[in-house]
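Below are the chains, spelled out letter by letter.
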Amino acid sequence: MNARLFLHIASVEARKRMSYRIDFWINTLFGFLAEFGVHFFLALALFAESGSTQIRGFAQPDLVVYFVTVLLIQKIVMGPDFGGHVSEDIYEGGLTRYLLFPSSYTPFKYAQHMGALVPLILQAVLFGVLAIFVLEPTQALRVTPWTIAGAIVCVLVANLLYFMMRLPLQLIAFWQDNVWSLSVMLRFASRLLGGAMLPLIFFPAWSQDALRILPFRALYDLPTQTFLGQLTLTEWLTGLATALVWCAAFTLIARAVWKRGDRKYTGVGI
Amino acid sequence: MWRYARLYGYFLRFSFSKAMEFRFDFFFRIGMDCAWYVIQFALFEVLYLHTPLFGGWDPAQMRVFLAAIFLSDALQMTVYANNMWWFPFLVNKGDLDYYLVRPVSSLFFLSLRDFAANSFVNLLITIGFMVWVLATYPDPLGAGRILLYVALVLLGVFLYYAIQLWFLIPVFWTHEGQGLRQVFFSIGSYSQKPDAIYRGWIRRILLYVLPLALIASFPTRAMFEPDPWRLVLHMVVASAVCFGLSVAFWRRGLRSYASASS
């Protein structure tokens with residue numbers, strides 16, 4: 001797919017998403033604040049009851065900043081619930097029209113997915129700017145233009161990785177009647193093992209090697225730690241390389257599933 | 001009353017036969033809920049690596065709290081969650097007519113028609129977890145306290161239902177149910193942490209205005225506090241008031257309902 005077509009599909013999707021304004025603002029104002037509130041009180045209680053001023057290198061204000069950052073990044077990485085549309089295309093036979101288009105199905109869907117990110121990016125920027133005025137991190141966090149640029153690269157890769165992780169699960173719809181629960185399982189696992197519920201450094205020492213190798217870390221922990229200036233250049237490059245390897249692996253898996261499923265697809269839906 | 005019980009029996013029969021048609025989905029959903037239980041359990045286990053108490057509870061007490069969360073989640077998923085999910089679509093498409101013309105309470109019919117047979121298996125799993133947690137608790141727990149705990153968990157499920165309706169009924173006026181539903185799911189996560197961690201006006205809201213903090217925390221506190229009756233009274237009053245408001249809100253919503261053109 002050429003870049004112009006990709007951008008056109010993405011912009012159509014972005015305009016479609018922005019048209020639901022009431023929903024957008026309700027979600028923006030209450031959804032994020034509610035989610036952040038739980039994390040905020042968790043951080044306060046954790047430090048108050050442990051009696052510590054530092055937990056694995058985090059002071060309490062820094063943990064709050066971590067949670068704000070990871071929640072905003074998580075929104076962009078997960079994106080809207082787009083994976084569901086792939087299985088719906090298969091169930092309802094809507095995949096047929098994409099097969100007739102002069103472009104591949106997966107890039108088309110990814111372009112739509114990127115377009116649907118626009119409202120989420122606006123939310124993230126809005127709350128990110130507000131957070132700058134409200135939060136007071138310690139000197140341990142070092143946000144610079146370089147860390148912001150590094151985090152943007154990580155978020156782009158993480159978004160692609162999450163899309164590619166979800167795709168094979170959605171393609172199981174070629175064989176099974178309902179697969180949304182698989183995507184939900186992926187979301188649950190990625191939030192815990194990716195660092196969206198707690199920084200991964202809080203996990204026991206014996207699990208750290210496994211967490212570094214698994215694909216989940218690249219989704220939330222890597223972009224967040226990059227943004228907060230907690231990684232060396234080597235750590236950042238290693239994390240990014242691991243994420244790209246996982247992207248390639250999931251692309252191969254999705255391709256294999258697609259090939260087998262395509263042969264089974266009848267075009268009339270299930 | 002007997003008519004309603006018989007009707008509910010039909011709902012169960014229909015729901016089980018429907019669930020058996022989609023066997024893989026049946027098992028996927030069981031797996032999904034189990035994944036959620038494992039993740040919640042793991043989250044608190046990790047937290048206790050860094051603190052001896054959380055929300056005023058030690059790890060064994062926290063497991064009792066988790067058992068309350070899991071049981072109330074499994075109950076609501078089994079009994080009414082599917083029905084709540086479809087409610088805004090029914091209003092928008094005018095399909096609510098089908099429920100309104102029946103000679104039974106429309107709210108009863110709409111809330112309980114679809115019994116989630118797959119989540120019923122999770123209900124059994126969570127009961128097993130609760131039995132394990134209570135059996136392995138280091139101190140003796142009286143039978144009376146355990147009964148009170150279970151009764152309050154059931155009341156918490158009812159309270160959650162009443163509050164959830166507040167976020168669904170506005171679809172009669174807004175015609176778009178997704179935004180508020182998402183907000184409810186976000187706010188609902190406040191019930192999954194001990195109420196003692198919340199402070200200030202947020203705590204007051206969660207105890208008195210939007211009493212989500214009661215759902216699993218109060219049954220657990222009733223198990224361990226010397227005088228549980230203040231908590232029981234608080235929960236009974238909150239449930240009655242919330243349900244009364246939901247019914248009143250529902251009636252107003254129905255007056256605004258204009259079938260397919262709603």
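Structure shown above.
These figures come from a predicted structure and were not determined experimentally.

(A) Broad picture of the overall build of chain B. From N to C terminus, chain B includes twelve helices and zero strands. Each helix and strand of chain B, placed in order from N terminus to C terminus, yields the pattern α-α-α-α-α-α-α-α-α-α-α-α. Taking 262 residues into account, the globule formula puts the C-alpha radius of gyration at 18 Å, and chain B, at 19 Å, falls close to it. Its C-alpha atoms give chain B principal-axis dimensions of roughly 55 × 45 × 35 Å. Taking all 262 residues of chain B together, 56% fall into the buried category. Sequence-distant contacts in chain B: of pairs separated by 6 or more residues, those separated by 24 or more amount to 78%. Accessible surface for chain B amounts to roughly 11700 Å². Of this, 68% is attributable to carbon and sulfur atoms. In chain B, the 21 positive side-chain charges and the 14 negative ones have mean positions that sit 8 Å from each other.

(B) Representation of the nonpolar core in the model. Counting 170 residues, the largest nonpolar core has F54 and L96 of chain B as the members making the most contacts within it. No other element matches the 17 residues that helix 3 (residues 59-93) of chain B contributes to this core.

(C) The environment of K75 of chain A, seen in detail. Residue and element names in this part refer to chain A. Relative to the assigned elements, K75 resides in helix 3 (residues 60-78). Spatially, the C-alpha atom of K75 lies 26 Å from that of M1, the residues being 74 residues apart in sequence. Residues within four places of K75 in sequence aside, it is in contact with F32, L120 and Q123. Of the polar contacts made by the side chain of K75, one reaches the side chain of Q123; its length is 3.3 Å.

(D) Layout of the interface of chain A and chain B. In this assembly, 34 residues from chain A lie in contact with 39 residues from chain B. Both faces considered, chain A and chain B share a buried interface measuring about 3200 Å² in area, 76% of it formed by carbon and sulfur atoms. At the boundary of chain A and chain B, one finds zero salt bridges. Across the chain A-chain B interface, the total number found is five residue pairs in polar contact (both at pLDDT 80 or more). For the side of chain A that touches chain B, the secondary-structure elements that each account for two or more residues are helix 2 (21-50) and helix 9 (180-193) of chain A. Here the element with the most residues in the side of chain A that touches chain B is helix 2 of chain A; it accounts for 15 residues.

(E) The arrangement of the pattern of salt bridges in detail. All names here are of chain B. Here the structure, examined in full by the defined rule, presents eight salt bridges over all chains. Between E225 and R221 there is a salt bridge, with its nearest N and O atoms 2.9 Å apart. What makes E225 partly exposed here is its relative accessible area of 23%. Among the ionic pairs, R230 bridges to E225, the shortest N-O distance being 4.0 Å.

(F) Representation of the packing of helix 11 (residues 214-224) of chain B against helix 12 (residues 229-256) of chain B within the structure. All names here are of chain B. It is at 9 Å that the axes of helix 11 and helix 12 come closest, and there the two elements cross at 155°. Viewed along their axes, helix 11 and helix 12 adopt a mutual orientation that is roughly antiparallel. You can see that helix 11 and helix 12 cross each other, and the crossing is left-handed. Contacts between helix 11 and helix 12 involve L214, I215, F218, P219, R221 and A222 from the former and R230, L231, H234, M235 and A238 from the latter. When its residues are assigned to classes, the contact of helix 11 with helix 12 shows eight nonpolar, one polar and two charged.

(G) Broad picture of the layout of surface pockets. All names here are of chain A. Looking at the second largest pocket, its volume works out to about 900 Å³. Forming the boundary of the second largest pocket are 29 residues, of which T69, L72, A124, G128 and F227 lie nearest the centre. Those elements that provide at least two residues to the lining of the second largest pocket are helix 3, helix 7 (118-134) and helix 8 (145-171). The greatest single-element share of the lining of the second largest pocket, amounting to seven residues, is contributed by helix 7.

(H) Fine view of the state of the cysteines. Under the criterion given, the structure shown has zero disulfides over all chains. In this model C247 of chain A remains outside any disulfide bridge; the closest cysteine sulfur is found in C154 of chain A, 12 Å from its own.

(I) How the structure looks around the packing of aromatic side chains. Residues and elements named next belong to chain B. Within the structure shown, the criterion is met by 44 aromatic pairs over all chains. Judged by centre distance (5.2 Å) and plane angle (45°), the rings of F167 and F184 are tilted. Of the two residues, F167 sits in helix 7 (residues 143-168) while F184 sits in helix 9 (residues 178-188), which places them 17 residues apart along the sequence. The exposure class of F167 is buried, given its relative accessible area of 13%. Taking relative accessible area as the criterion, F184 reaches 1% and is therefore assigned buried.

(J) The arrangement of helix 11 of chain B in detail. All names here are of chain B. For helix 11, a buried count of ten out of eleven residues is recorded, marking the element as mostly surrounded by other parts of the structure. Restricting attention to buried positions, one finds in helix 11 the residues L214, I215, A216, S217, F218, P219, T220, R221, A222 and M223. Its buried side turned inward, helix 11 meets helix 3, helix 6 (117-135), helix 7, helix 10 (200-209) and helix 12.

(K) Examining the environment of L7 of chain B more closely. All names here are of chain B. Tracing the backbone through its elements, the reader meets L7 in helix 1 (residues 2-21). Taking C-alpha positions, L7 is 22 Å from L165, a pair spaced 158 residues apart along the chain. Setting aside anything within four residues of it in sequence, one finds L7 in contact with V104, F108 and F109.

(L) A look at a nonpolar patch on the surface. All names here are of chain A. A surface patch of nonpolar side chains, amounting to about 630 Å² of accessible area, comprises I121, V125, V129, I132, F133 and V134. Tracing the sequence through the fold places V134 in helix 7. Residue classification places V134 among the exposed residues on the basis of a relative accessible area of 62%.

(M) Summary view of the side chain of T69 of chain A. Residue and element names in this part refer to chain A. Tracing the chain through its elements places T69 in helix 3. The class for T69 is buried, based on a relative accessible area of 8%. Aside from chain neighbours lying at most four places away, what touches T69 is T224, F227 and L228.

Definitions and cut-offs
Once a new chain begins, its residue numbering starts again from 1 and follows that chain's sequence as written. Chain A is the first chain written and ligand 1 is the first ligand written, with later ones labelled in order. The predicted origin of the model limits local features to residues at a pLDDT of at least 70 and limits the giving and counting of side-chain atom pairs to 80 or more, whereas totals for whole chains, interfaces and linings rest on all residues. As a rule here, side-chain values come from all non-hydrogen atoms in the structure, and water together with hydrogens is ignored. Put simply, DSSP marks the helices as runs of H or I at least four residues long and the strands as runs of E at least two long, and each gets a number from the N terminus on. Put simply, the radius of gyration uses C-alpha atoms, and a globule should come to 2.2 Å times the residue count raised to 0.38. Throughout, exposure labels follow a simple rule: accessible area from a 1.4 Å probe, protein chains only, divided by the maximum for the residue type, with under 20% read as buried, over 50% as exposed, and the rest as partly exposed. Whether two residues touch is decided by their heavy atoms; if any such pair falls within 4.5 Å, the residues are in contact. Accessible surface is estimated by sampling points in the Shrake-Rupley manner with a 1.4 Å probe; for residues, cover comes only from the protein chains shown. The positive count covers Lys and Arg only, the negative count covers Asp and Glu only, and His and the chain ends enter neither. Note on charges: their place is set at NZ of Lys, CZ of Arg, CG of Asp or CD of Glu. Among buried residues, the Ala, Val, Leu, Ile, Met, Phe, Trp, Tyr and Cys ones that are joined through side-chain atoms within 4.5 Å form a nonpolar core. Two N or O atoms count as a polar contact when they lie within 3.5 Å, although within protein this holds only if one can serve as hydrogen donor and the other as acceptor, and sequence-adjacent residues are included solely when both atoms are side-chain atoms. Accessible area that two parts lose when put together, with a 1.4 Å probe and added across both, is what the buried area reports. We define a salt bridge as a side-chain nitrogen of Lys or Arg found within 4 Å of a carboxyl oxygen belonging to Asp or Glu. Note on method: axes are straight lines fitted to C-alpha atoms, helices fitted across the in-contact stretch only, with angles between N-to-C directions ranging 0 to 180 degrees. The scheme is simple: roughly parallel for angles under 35 degrees, roughly antiparallel for over 145, roughly perpendicular for 65 to 115, oblique for anything else. When the near helix sits turned anticlockwise from the far one by under a right angle, the crossing is termed left-handed; a clockwise turn instead gives a right-handed crossing. Each residue receives one of three labels: charged for Asp, Glu, Lys and Arg, nonpolar for Ala, Val, Leu, Ile, Met, Phe, Trp, Tyr, Cys and Pro, and polar for the others, Gly being one of them. Cavity and pocket criteria rest on a 1 Å grid covering protein atoms alone: a 1.4 Å probe that fits but cannot get out defines a cavity, protein on both sides within 12 Å along at least 5 of 7 lines defines an open pocket, and an atom within 4 Å of a point defines a lining residue. Grid points are joined across faces, edges and corners, and a volume is the space filled by probe spheres set on the points. Throughout, disulfides are identified as pairs of cysteine sulfur atoms within 2.5 Å of each other. Only centres within 6.5 Å qualify two rings of Phe, Tyr or Trp (six-membered ring in Trp) as a pair; their planes then separate them into stacked at under 30 degrees, edge-to-face at over 60, and tilted for everything else. Like-charged residues within 9 Å of one another, or nonpolar side chains (Val, Leu, Ile, Met, Phe, Trp, Tyr) within 5 Å, are grouped into patches, provided each residue has over 30% relative accessible area and no salt bridge.

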